[in-house]
Amino acid sequence: MVFINGEQKEGYEGRLLPDVLAGEKYDVKRIAVEINGEIIPKSLFAETAVEDGDRLEVVSFVGGG
């Protein structure tokens, strides 16, 4: 089980971060991701695996003026 923005999620253990984000319907172009308190650069998304017990915080950027 992993936690995404404080919610328990099942089935993402061992999957790569882009798969997890797609499963949660996030647009990777407009977000920042932190795993267990560490910001993950977008350049490392494709090689970052999500493990059991990880806590992800996903922040979406909203445009406006």
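Refer to the structure presented above.
Position numbers for residues start from 1 in each chain and track the written sequence from start to end. Local features are withheld for residues below a pLDDT of 70 in this predicted model, meaning they are given only at 70 or higher, and side-chain atom pairs are given and counted only at 80 or more; totals for whole chains, interfaces and linings count all residues. The basis for the side-chain values is all heavy atoms of the structure; hydrogens and waters are excluded.

Asks: What should I look at first to understand the pattern of salt bridges in this one?
Replies: Pairing between side chains of opposite charge can happen when the charged atoms of each approach one another. A side-chain nitrogen of Lys or Arg and a carboxyl oxygen of Asp or Glu constitute a salt bridge if their distance falls within 4 Å. In total, this model carries 2 salt bridges according to the counting rule given. Glu 7 is the partner of Lys 9 in a salt bridge, and the nearest nitrogen-oxygen pair spans 3.8 Å. We call a residue buried when its accessible area falls under 20% of the maximum for its residue type, exposed when it is over 50%, and partly exposed in between, using a 1.4 Å probe and counting protein chains only. Residue class for Glu 7 comes out partly exposed when judged on its relative accessible area of 49%. Taking the shortest distance from any N to any O, the salt bridge between Lys 9 and Glu 24 comes out at 3.1 Å. Residue Lys 9 is located in strand β2 (residues 7-9), and its partner Glu 24 is located in the loop between α1 (17-23) and β3 (31-35); the two are separated by 15 residues in the primary sequence. Comment: elements are numbered from the N terminus, with helices defined as DSSP H or I runs of at least four residues and strands as E runs of at least two.

Asks: How should I be thinking about unusual backbone geometry in this particular structure?
Replies: The bulk of non-glycine residues show a negative phi, and the bulk of peptide bonds are trans. A positive phi angle is found at Asn 5, which is not glycine, with a value near 50°. Within the secondary structure, Asn 5 sits in the loop between β1 (2-4) and β2. Note on Asn 5: relative accessible area 33%, which makes it partly exposed. Of note, the phi angle at Asn 36 is positive, near 50°, even though the residue is not glycine. Within the secondary structure, Asn 36 is located in the loop between β3 and β4 (38-40).

Asks: Explain the sheet that holds strand β5 (residues 55-60) to me, please; I cannot follow it from the model alone.
Replies: Neighbouring strands of a sheet are bound in pairs by backbone hydrogen bonds; such pairs are parallel or else antiparallel. Only strands that DSSP links by at least two bridges are regarded as paired with each other. One open sheet accounts for 5 strands, arranged β2-β1-β5-β3-β4; its pairing is mixed. In this open sheet, the two edge strands, each paired with only one partner strand, are β2 and β4. The mean angle between the axes of side-by-side strands here comes to 30°, regardless of whether they run parallel or antiparallel. To get an axis, a line is fitted to the C-alpha atoms, and for a helix only the part in contact is used. The angle between two axes follows their N-to-C directions and goes from 0 to 180 degrees.

Asks: How should the nonpolar core be read in this particular structure?
Replies: Across soluble globular proteins, you tend to see nonpolar side chains buried next to one another. By size, the foremost hydrophobic cluster in this structure holds 14 residues, and its most contacted members are Ile 4, Leu 17, Leu 21, Val 33 and Leu 56. Listed by contribution, the elements that provide at least two residues to this core are β1, α1, β3 and β5. The contact partners of Val 33, leaving out residues within four places of it in the chain, are Leu 17, Leu 21, Glu 38, Ile 39, Ile 40, Phe 45, Glu 57 and Val 58. Nonpolar cores are built from buried Ala, Val, Leu, Ile, Met, Phe, Trp, Tyr and Cys residues. Side-chain atoms within 4.5 Å join them into one set. Residue contacts are counted whenever heavy atoms from the two residues lie within 4.5 Å of one another.

Asks: Mind showing me how you'd approach the side chain of Thr 48 here?
Replies: Checked against the element boundaries, Thr 48 lands in the loop between β4 and β5. In contact with Thr 48, other than residues within four places in its own chain, are Arg 15, Leu 16, Leu 17, Ile 35 and Ile 40.

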